[in-house]
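Geometric and topological summary
Take a look at the letters that make up each chain.
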Amino acid sequence: MLKKIIISLLAILFIQVHVLAETVIFNTQTLKYHKIGCPAAIKCTKNCIKIDKKEAIKRGGVPCKKCGG
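Residues numbered from 1 in each chain as written. Predicted model: local features only at pLDDT ≥ 70, side-chain atom pairs only at ≥ 80, totals over all residues. Heavy atoms only, no water.

Strand order across the open sheet formed by 4 strands is E3-E1-E2-E4, with mixed pairing between neighbours. Each edge of the open sheet is held by one strand with a lone partner, namely strand E3 (48-52) and strand E4 (62-63). (Pairing = 2+ DSSP bridges. Helix = DSSP H or I, 4+ residues; strand = E, 2+ residues; numbered from the N terminus.)

See the structure below:
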């Protein structure tokens, strides 16, 4: 019984942590990051990569002024 409760709690914790991770489009040249659906992100084909928002900030990224990153 206790084992099932612990497994359930761990599963819930894992899901919450996974949901908190947000993927953004990061321009490695301008250091701006965009939400996936941002028009600037859609147009960006050169120097842009998909990474976690925390990683973009860690690399010195700043949010897009239009979408807020």
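This next bit is on unusual backbone geometry. Positive phi values are uncommon outside glycine, yet leucine 31 reaches one of about 65°. Along the chain, leucine 31 turns up in the loop between strand E1 (23-27) and strand E2 (32-34). Take leucine 31: its relative accessible area is 32%, and that puts it in the partly exposed class. Within the chain, asparagine 47 stands out as a residue other than glycine whose phi angle is a positive 70°. Assessed through its relative accessible area of 30%, asparagine 47 is described here as partly exposed. (Buried < 20%, exposed > 50% of the residue type's maximum accessible area, 1.4 Å probe, protein only.)

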